[in-house]
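# Structural features, examined
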Amino acid sequence: MIAGTYAPKPGAAPLPRMIAAQAALETKMLLRNGEQLLLTVVIPTLLLVLFSAVDIVSVPTKTAGGEGKAVDFLTPGILALAVMSTAFTGQAIATGFERRYGVLKRLGASPLPRWGLMAAKTLSVLVTEVLQIALLTAIAFALGWSPHGNPLAVLLLLVLGTAAFSGLGLLMAGTLKAEATLAAANLVFLLLLVGGGVIVPLDKFPGGVEAALGLLPISALSDGLRDVLQDGASMPWGDLGILAVWAVLGLGAAARFFRWE
Amino acid sequence: MGNESVVQAVGLVKRYGTKTAVDGLDLEVRAGAVTAVLGPNGAGKTTTIETCEGYRRPDAGEIRVLGLDPVRQAAALRPRIGVMLQSGGVYSGARADEMLRHVAKLHAHPLDVDALIERLGLDSCGRTTYRRLSGGQQQRLALAMAVVGRPELVFLDEPTAGLDPQARRATWSLVRDLRRDGVSVILTTHHMDEAEELADDVAIIDAGKVIARGTPEELCRGGAENTLRFTGRPGLDVASLLKALPPDSAAAELTPGAYRVSGTVDPQLLATVTSWCAQHGVMPDRISVERHTLEDVFLELTGKELRG
């Protein structure tokens, strides 16, 4: 190389360009990772198809528009599961290993500010969710889904649910060892899949247990989405309130306790 | 540029729990120079570098990097420095070129990524993801990431650890080009030859303090004297040889026929010894000059081997 090639010419790229580049890379890493795709795409899709087609668990099928199908009960729950798989499980595992392998540390010395890195992660989660929701709703429509209610309420539920799960996922990734995060995030995913009103209606549990489970973010999200999409509710304030509390607690604790190395 | 310093640290202290990693360290690093921070494992090299990079907040003391506080003015400092961590720093599922292009995108005027990839032989990584790259390839990628943003000051933490000789020379050659183009470089190493080969200045660290500093020549001169040895027939007149030599020299016959001259061993002294031999009809067999190395300096200063 000729003399002068390395002559200093430092400078940060414009902030929007840095965040866009970071979000694009994070999304690419996620879509390239087989285990992540299993969690975010394969499992929700299989559950939606399997439980709609085969009467494994009896579910309430009455909708705002009269008698519906199992898919009308299942789709809101599966959408909630998709949000959890990306914002919580996937993000926790990916971020945990980025922390372990010094990726967060190295990016911390780059011109991208830490809040910019977090913004990029959020953007990447949102892009992934849009792809998931597009796929899952297309499948649901093919299975005869007929949604109701206020789209704005659905959007608000999805955004608050994403905030709540992101906070909890980042709290886990930023405080536990990567292997512990991997194990715990998968275990929580499995437990909440069963006990969070995703495919099994909460009223199948005993009364006290049902009330406690109803306070979980996954239950609030799947119940809220079901209130709107199946039952035509205009704004499920109770579930939105529960998600908002989880979001504030989760993001607050993550901001306080997250360790970058 | 010549008189400016890019790092000024005074009385730096950093503790981890009860362990003091850096213990009142003073360091000044010249702009435009290659400075080697030399010391055994656990001496505090990485903690010192990471304090400069803004990763560690010192428990006491003052530090300025490019005139900035590395923690409180991190946003202003980060675009101007290049950082190579001792290990890691790359997404395990990313390809080498992908990661390098990404870091380039975070900077306003990055280097030509393709040229840098070719220069460091990273084109051989192909589509392999980071976790499957060899240790040497991972090291070279980390080096490329440190320089791609065209920084003023580059920190390299053990840049050649675990590299084969060829990759090591490629790294050295890049460091020399950085220096030629006016980039200041600070590197840590526990290889003496690396410091001797590359560094304009050396700071020797032990137990969290700088115990010696200077150019490699100054450090080598400052310690024990250099030595010249030769063999000839036994019983030469050492007193006569000594008279021919400069006053600060010494000469001795160690075992019959094995002679040692110590002092300031320069071309003049060598010429004096050979002409004395010629006058006395002596063929100085196996004549050799033993230069005092940084390794010796280190051993004298600390009583420890660098790589124990």
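You'll find chain B entered in an unreviewed UniProt entry as ABC transporter ATP-binding protein, with Streptomyces lasiicapitis given as the organism. In its Subcellular location (unreviewed entry) section, the UniProt record describing chain B reads: "Cell membrane".

The name given to chain A in an unreviewed UniProt entry is Transport permease protein, and the organism recorded there is Streptomyces lasiicapitis. The Subcellular location (unreviewed entry) comment attached to chain A in UniProt states, word for word, "Membrane".

## Concerning the side chain of Thr137 of chain A
Residue and element names in this part refer to chain A. Tracing the backbone through its elements, the reader meets Thr137 in helix 5 (residues 114-142). Note on Thr137: relative accessible area 17%, which makes it buried. Ignoring any residue separated from it by four or fewer positions in sequence, one finds Thr137 in contact with Leu79 and Trp145.

## Concerning helix 1 (residues 15-32) of chain A
Taking 1.5 Å of rise per residue, the 18 residues of helix 1 of chain A would be expected to cover 26 Å, and the 26 Å separating its terminal C-alpha atoms lies within 8% of that figure. Within helix 1 of chain A the residues assigned to the buried category are Met18, Ile19, Ala21, Gln22, Ala23, Leu25, Glu26, Thr27, Met29 and Leu30 of chain A. Along its buried surface, helix 1 of chain A packs onto helix 2 (34-53), helix 3 (70-100), helix 4 (103-108) and helix 5 of chain A together with helix 3 (96-105) of chain B.

## Quick word on the UniProt feature "transmembrane region" (unreviewed entry) in chain A
Residues and elements named next belong to chain A. On the UniProt side, "transmembrane region" (unreviewed entry) is annotated at positions that read residues 37-57, 77-97, 123-146, 152-173, 180-200 and 240-258 here. Secondary structure within residues 123-146 divides into 83% helix and 0% strand; the distance between the first and last C-alpha atoms comes to 29 Å. The distance from the first to the last C-alpha atom of residues 152-173 is 31 Å, and the span holds 100% helix and 0% strand.

## Here we look at unusual backbone geometry
Residues and elements named next belong to chain B. The residue Leu66 is not glycine, and still its phi comes out positive at about 50 degrees. You can see Leu66 is positioned in the loop between strand 4 (60-65) and helix 2 (74-77). A positive phi is found at Arg150, a non-glycine position, where the angle reads about 55 degrees. Tracing the backbone through its elements, the reader meets Arg150 in the loop between helix 5 (135-147) and strand 6 (153-157). Look at Arg150 and you get buried, because its relative accessible area is 18%.

## Structural notes on the interface of chain A and chain B
Contacts between chain A and chain B engage 36 residues on the former and 41 residues on the latter. A buried area of about 3500 Å², summed over both sides, lies between chain A and chain B, and 59% of it is on carbon and sulfur atoms. The interface formed by chain A and chain B contains four salt bridges. A salt bridge links Lys28 of chain A to Glu98 of chain B; the shortest N-O distance between them is 3.4 Å. If you list the elements that add at least two residues to the side of chain A that touches chain B, you get helix 1 and helix 4 of chain A. Element by element, the count of residues in the side of chain A that touches chain B is highest for helix 1 of chain A, at nine residues. Looking at side-chain class alone, the side of chain A that touches chain B contains 20 nonpolar, seven polar and nine charged residues.

Conventions used here
Residues numbered from 1 in each chain as written. Chains lettered and ligands numbered in written order. Predicted model: local features only at pLDDT ≥ 70, side-chain atom pairs only at ≥ 80, totals over all residues. Heavy atoms only, no water. UniProt positions renumbered as here; feature names shortened; annotations may be inferred. Helix = DSSP H or I, 4+ residues; strand = E, 2+ residues; numbered from the N terminus. Buried < 20%, exposed > 50% of the residue type's maximum accessible area, 1.4 Å probe, protein only. Contact = heavy atoms within 4.5 Å. Expected span 1.5 Å × (residues − 1). Buried area = accessible area lost by both parts, 1.4 Å probe. Salt bridge = Lys/Arg side-chain N within 4 Å of Asp/Glu carboxyl O. Nonpolar A, V, L, I, M, F, W, Y, C, P; charged D, E, K, R; others polar.

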